[in-house]
Each structure stands twice: as structure tokens, then as C-alpha cells.
Amino acid sequence: MVPIQYILTTELTDLHLGNFLLRVPEFDNLSPDELYERHGKPYEVPTHRLDGRPSTPHAPLHVVYPMKQNMPSNEITDPEILISDYGTSFAVSKTTSPRLHTPALYSPPEDFFNDSIIGTAADVWTLGVVLYDAMGERPLFETFAWDPDDIIGEMVNTLGYEQMPERWWNSWKCRSEFFNEDGSWVSDFRRIGTPAFRRLHQRMWDMGRGETPESCQWDVAGGELKALEDMLRSMMTFEPAQRPTTRQLPASEYIVKWALPAWQEQMQRKH
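Residues numbered from 1 in each chain as written. Predicted model: local features only at pLDDT ≥ 70, side-chain atom pairs only at ≥ 80, totals over all residues. Heavy atoms only, no water.

Peer 1: Explanation requested: the pattern of salt bridges in the structure shown.
Peer 2: When charged atoms on two side chains of opposite charge get close, those side chains can pair. Inspection of every chain in the model, using the stated rule, returns 15 salt bridges. Across the pair Asp-51 and Arg-49 runs a salt bridge whose closest N-O atoms are separated by 2.7 Å. With its nearest N and O atoms 3.0 Å apart, the salt bridge here joins Glu-177 to Arg-191. With Glu-177 in helix α6 (residues 175-178) and Arg-191 in the loop between α6 and α7 (200-205), the pair connects residues that are 14 residues apart, well separated along the chain. Taking the relative accessible area as the measure of exposure, Arg-191 reaches 22% and is therefore partly exposed. (Salt bridge = Lys/Arg side-chain N within 4 Å of Asp/Glu carboxyl O. Helix = DSSP H or I, 4+ residues; strand = E, 2+ residues; numbered from the N terminus. Buried < 20%, exposed > 50% of the residue type's maximum accessible area, 1.4 Å probe, protein only.)

Peer 1: What exactly am I supposed to notice about the environment of Leu-22 here?
Peer 2: Counting through the fold element by element, Leu-22 comes out in strand β2 (residues 20-23). A relative accessible area of 38% places Leu-22 in the partly exposed class. The sequence separation of Leu-22 and Ile-81 amounts to 59 residues, and the corresponding C-alpha distance is 4.7 Å.

Peer 1: Could you clarify how one ought to interpret unusual backbone geometry in this entry?
Peer 2: In terms of backbone geometry, most residues other than glycine have negative phi values and most peptide bonds are trans. Here the phi dihedral of Asn-114 falls at roughly 55°; this positive angle occurs in a residue that is not glycine. On the secondary structure map, Asn-114 appears in the loop between α2 (109-112) and α3 (121-136). One non-glycine residue, Trp-146, lies in the positive phi region at around 55°. In this fold, Trp-146 is placed in the loop between α3 and α4 (148-159). Judged by its relative accessible area of 41%, Trp-146 falls in the partly exposed class.

In C-alpha cells form, the structure reads like this:
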């Protein structure tokens, strides 16, 4: 695992995996032939106009798909995580009614409910979703066509309706399409796909890292998986004011007992 170093900021940013770029130092030392041998040659696709007419002289003749390098994190000795595209960022203290441009699957619930109080806690929620996405190698919220109501339904499915602030639960216009008043799924669910309850605890086991304590890659007996779940759950608390700050997160049990020691061990292997 490659820990993410937190940047203390008073600005909301645009955190999601599409905006992160991992720089691997030895990558710069590869010759073109070595690069192509490892990852294949660039894949070129010719361009054409949809109306069938000839392309204008300044239009590119082809486009090239980006190359993706897959490498186990424990084989990377000195990675550098960059944010390649901020999207939109602004100072919270100077923007009273910020408009987020974060992709819907990563957006905090206060953005869906048009809560006027949007602060840096929004980044904490998004970072929690990103961490699950990166470490679990699959999205936390899986929906059809990123429909906002489907995403809210997935949030409730994952974290529990009892955790959602009453002001949001009561104002959710499409709630009755998903849940009964007690938070159970409606019996005649009419949306695409049949939902099944999968709380965060179950989704942690669905990360693809082992279905039993013996086969799981996390230190289950030592409490690593629980500490990770507790940290993610705190970051994705519905009520923004109850989420930890970026100053508090590095002191969490998971960071202190597992993430930082793993990082230090990796740095020692480098030297």
C-alpha cells in the first residue's frame, strides 16, 4: 500500500482517482524500446468526422490511448503521488456558497442535498471514498449511470439510514422509491437492478483480499481491518461537523499502527 500524505489546506479541491498521477522514478530511465517491451507500443486510432466529410487540415490524423502501468505497490520503492488536475479549488473562507465539481460518486451528501454549509469536511468524505476505491480496487458506490438518487441510496445502503441527518432523510423526494420508513428496502423496487444490503463492514470483506480471516491480506487478528473500517467510517460520517479534520486523521489508529510503519519499512528497503 502507498500511503497518501495529507496536505493541510483551507481550500476545497477535486479529489478522485482520475486526478491522481503516480510518478515512478525508474520509469524516467527507460528507453523507448524498454518502455514498449514492458507495456506495449502506443495504440493509435484514426480520427474521422461524424458527418463523413473530410477532416480540416488542423485536425489530428489519429489519437493515442494512454498507457497504463500496473505494478504491485510493494514493488514500488520511491513513488510520488501527484494531483494532475485540480478541477476546481477555492478558499472556503472567501466562498460562502461553494459549488462543487467533484464527480458524483465521490461527492459528499451535503452537496446532493444542497446544504449551504459546505466546508473542508467535504474533502474528508471524498478522500475516504477515494481510499476505499484505491485500496479495494473497486468503487465504493456502484450505481447505474451515476443517478444522484441511486448514489444516495448506495450511501444509505453502505452507512445505514439511521446515520443520515433527519433534515436530509425527510427532504429526499425519491426516498420512497428505495426505502420504507424503517430504512428497509421497499418490496416492489422498480429501479434497474435488485438491491441488496451491503453495509460498509461487508464491503470491506468484498475488497477482493480474502473472504476469511485466514486468507485476508489484512491483519484481521491484530485489528488492522477494523481500524481501517473505523477510519473510513469516520471520514464518511453523514454529518459534516462530525468528520475528523485533516489534522486529526494522521493520528488515527490505522495510520499510526499500520500505514506509517508500512511506509517506513518500504523506505528502509529502498536504502
